[in-house]
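Working through the structure, step by step
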Amino acid sequence: MPSNEDKLQTRSIASILAIFDILIAATEVDNIVLDSRSAKHNSLFIAHQGTSNNGAKYVQGAINNGAKLVLVNTNNTEQHGQVDSVGEALIISFFELEKQIGFICSAFHQHVSNTLQCVAITGTNGKTSVAHICAQLSASCGENAGTIGTMGVGFYPKKQAPIKILDTINTTPDIACMHQFAHLVKQLGGRRLCIEASSHGLHQKRLSGFKVDVAAFTNLTQDHLDYHPSLNEYAKAKRLLLKQDGIRYLVLNADDKESHRWVEQAPEHTIICLCSVNQRSSASLLQAYAKHNQHYKYCIALNPRFTPNGSTFKIKSSWGQASVSLPLIGQFNIANLLTAFSSLLLQGVSFERLVDAVPLLNGVPGRMEVFESIKHGNIIVDYAHTPDALEQALLAARQHVTGKLTVIFGCGGDRDNSKRSQMGKIAELCADEVILTQDNSRNELPEDIIADIQQGIHQKSKLKIELERTSAIKQAYLNSCTDDLIVVAGKGHEEYLELKSVREHYNEREYVKQLTMEVRG
Ligand SMILES: CC(=O)N[C@H]1[C@@H](OP(=O)(O)OP(=O)(O)OC[C@H]2O[C@@H](n3ccc(=O)[nH]c3=O)[C@H](O)[C@@H]2O)O[C@H](CO)[C@@H](O)[C@@H]1O[C@H](C)C(=O)N[C@@H](C)C(=O)N[C@H](CCC(=O)O)C(=O)O
Ligand SMILES: Nc1ncnc2c1ncn2[C@@H]1O[C@H](COP(=O)(O)OP(=O)(O)OP(=O)(O)O)[C@@H](O)[C@H]1O
């Protein structure tokens, strides 16, 4: 496998600049970066206007790190193409640079996104799950697929175990990284790319120049109100995905009322697939609707039955119907499956092959991941960190427990604090015991965050507080019986705890695995 450092087949930067009437001598750059800290020998650094800073401040830093070429914005047409030198580096002024960053990065990477079947997923919850389910199904059906999102850049080769290529800081990385990572996936033999489009990423245009074939929307509930001024603005940011280049298909969650606005604003000629895990009534309505409108398809799940390890249900769709057994916990994973399934059907993957691939699915690490125990209750490690996700996770867990359901969670610091008491309320309502602990408290005191969560909890008899996360898990575990279930929410796959702005190593999945094994032995 090529490492991230390997040189990719890229286009000459001089030929790209020539499109904009900027003529420079043949100059080879190895990569394009928007962050001076990632610049290396032979990089092109593009000074991008961010939300709080302008990349122009970091030109010298990029040059110190080895950047050979730098593009900086000018609003003066006469300065367009002006070249200054600093040591051996060239700094080129570019008129309205911001509008062309996507094109430049895309052209440098041979417009790779045009050559991949790209599925972009947005929504408050389920993006990572859908992206990974989609890539896994694709690989099982014989088409290698890559993923870009919260879990970094991944690759699902057909007939082999998935590969983690690299970690990313953001769910939706910056423009230069998006094109570069897509190129890596292509280089590994990827035919499909499943990407997570976060509301921040869409609002900050991190998908500029990226061609998307299928846009999928999972759901909308409250999150990120520290960044978006209102829920309406947050919803609008998500709908920016509709403006992405190349969209031919939309996959929408018909059970979420926000989907109506997606339908209203859908680009002309897109084919829309409506998914539903709701009751028969809505399902037959969708079916009838799709029959009378050639722009609509449907994909619905009927009669779900929950088993200890997942669910069985019938899929009815514009492409056919079949009974399936899904080895993932929770009703929301049925919805996630339908979204991934429909995206692939729209792109021409065979219904029968997809149906055969469903029982082979593996869960996404840290998403409703069950650690079984013989002597005590099982533990589920989950990434729920929004009110809706916590509710869905606990409702799902309830379907798999006969004894006591305990939830252990905290909330992140320096982020939307209005969700804290709501999460407290949901925990009290859906679990028998609530243990509050620390999450990534960042610059806040964990005690203050816990106090905010407690505002939503009235039955104090249900409540325990244990600041130290592993102690909270251990205590709950040792006090549990075999028919009890413990859900530890918030950290999922992450391998750190961010306290006082310092990231300490912390791997909850490893800890829980050890704990359940130790006591077993
Ligand atoms: C608030 C926010 O979204 N910030 C993101 C944003 O930063 P920014 O626009 O403020 O960048 P900036 O600091 O103004 O810098 C401007 C430019 O200078 C560059 N720079 C900056 C510093 C430096 O030393 N050298 C340098 O070259 C930056 O790379 C950037 O190109 O653009 C950066 C590059 O794309 C992101 O890394 C950064 O994410 C920060 C780390 C972050 O925490 N973002 C979170 C809120 C986020 O985006 N989350 C979503 C997922 C949300 C979800 O869970 O659904 C995500 O997609 O990750
Ligand atoms: N379709 C869904 N609806 C509601 N909750 C969901 C759904 N899918 C997953 N969840 C819950 O949300 C949590 C996060 O899931 P996932 O990582 O797939 O979402 P995400 O949108 O990628 O989140 P993030 O943007 O924070 O990375 C899961 O651990 C689970 O508890």
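Model, not experiment: these values are computed from the prediction.

The rules we used
Residues numbered from 1 in each chain as written. Chains lettered and ligands numbered in written order. Predicted model: local features only at pLDDT ≥ 70, side-chain atom pairs only at ≥ 80, totals over all residues. Heavy atoms only, no water. Helix = DSSP H or I, 4+ residues; strand = E, 2+ residues; numbered from the N terminus. Buried < 20%, exposed > 50% of the residue type's maximum accessible area, 1.4 Å probe, protein only. Pairing = 2+ DSSP bridges. Axes fitted to C-alpha atoms, helices over the stretch in contact; angles between N-to-C directions. Contact = heavy atoms within 4.5 Å. UniProt positions renumbered as here; feature names shortened; annotations may be inferred. Polar contact = N/O pair within 3.5 Å; in protein donor to acceptor, adjacent residues only side chain to side chain. Near = heavy atom within 4 Å. Areas by Shrake-Rupley, 256 points an atom, 1.4 Å probe, with all protein chains shown as cover. Nonpolar A, V, L, I, M, F, W, Y, C, P; charged D, E, K, R; others polar. Salt bridge = Lys/Arg side-chain N within 4 Å of Asp/Glu carboxyl O.

Backbone geometry at Glu 96 places phi at a positive 45°, although glycine is not the residue there. Mapped onto the fold, Glu 96 is located in the loop between β5 (89–95) and α3 (101–108). On the basis of relative accessibility, which here comes to 29%, the residue Glu 96 falls in the partly exposed class. Residues other than glycine seldom take positive phi values, yet Lys 159 does so here, at roughly 65°.

So, on to the sheet that holds strand β1 (residues 31–33). With respect to topology, five strands assemble into an open sheet ordered β1-β2-β3-β5-β4, the strand pairing being mixed. For this open sheet the edge positions go to β1 and β4 (83–86), each flanked by a neighbour on one side alone. Each strand axis lies, on average, 25° off the axis of its neighbour in the sheet, ignoring direction. Inspection of the sheet shows β4 paired to β5 by four bridges, in the antiparallel sense. The partner of Asp 84 across the bridge, within β5, is Ile 91. Against the sheet, α3 makes contact with β1, β2 (43–46), β3 (69–74) and β5, and its axis sits at roughly 155° relative to β1, the strand it touches most.

Summarizing the sequence annotation, UniProt attributes the feature "modified residue: N6-carboxylysine" (unreviewed entry) to Lys 238 in the numbering used throughout. Residue Lys 238 is classed as buried on the basis of its relative accessible area of 1%. Within the local environment of Lys 238, its side chain forms a polar contact with the backbone oxygen of Gly 123, the two atoms lying 3.4 Å apart.

What follows is about the pairing of strand β15 (residues 310–317). Walk down a regular strand and you will see the side chains alternate between the two sheet faces. Bridging between strand β14 (residues 296–307) and β15 involves seven bridges; their strand directions are antiparallel. By the bridge assignment, Arg 305 is partnered in β15 with Thr 312. Between β14 and β15, which follow one another and run antiparallel, lie two residues. Note that β15 and strand β16 (residues 320–326) share seven bridges and pair antiparallel. Bridging from a neighbouring strand, Lys 314 pairs with Ser 323 of β16.

Residues in close proximity to ligand 1 total 22 residues, the closest being Ser 36, Thr 51, Asn 53, Asn 170 and Ser 198. Contact between ligand 1 and Ser 36: an oxygen atom at 2.7 Å from a main-chain N or O atom of the residue. Within the side chain of Arg 37, one N or O atom sits 3.3 Å away from an oxygen atom of ligand 1. Taken by itself ligand 1 offers 1100 Å² of open surface, and the protein chains cover 77% of this. Grouping the amino acids of the shell around ligand 1 by side-chain chemistry returns three nonpolar, 14 polar and five charged.

Once that is clear, we can look at the site of ligand 2. As a structural note, the neighbourhood of ligand 2 is formed by 20 residues, with Thr 128, Ser 129, Arg 367, Asp 382 and His 385 the closest of them. In the environment of ligand 2, an oxygen atom lies 3.2 Å from a nitrogen or oxygen atom belonging to the backbone of Thr 124. His 385 places a side-chain nitrogen or oxygen 2.7 Å from an oxygen atom of ligand 2. Taking 620 Å² as the accessible area of ligand 2 by itself, protein coverage stands at 94%.

What follows deals with the sheet that holds strand β8 (residues 152–156). Either a parallel or an antiparallel arrangement is found when strands of a sheet pair, and the pairing is made through backbone hydrogen bonds. With respect to topology, eleven strands assemble into an open sheet ordered β9-β8-β7-β10-β6-β11-β12-β13-β14-β15-β16, the strand pairing being mixed. The two strands at the open ends of the sheet, each matched to only one other strand, are β9 (163–166) and β16. Across the sheet, the mean angle separating the axes of adjacent strands is 20° when strand polarity is ignored. Sheet strands in contact with helix α10 (residues 331–346) are β6 (117–122), β10 (192–196), β11 (214–217), β12 (249–253), β13 (271–276), β14, β15 and β16, and its direction is about 145° off that of β14.

For the structure shown, the criterion picks out 20 salt bridges. For Lys 164, the salt bridge is made with Asp 167, and the minimal N-O distance between the two is 2.7 Å. The salt bridge involving Arg 469 is made with Glu 508; its shortest N-O contact spans 2.6 Å. Pair noted here: Arg 469 is in helix α15 (residues 469–478) and Glu 508 is in helix α16 (residues 508–520), with a separation of 39 residues, a long-range link.

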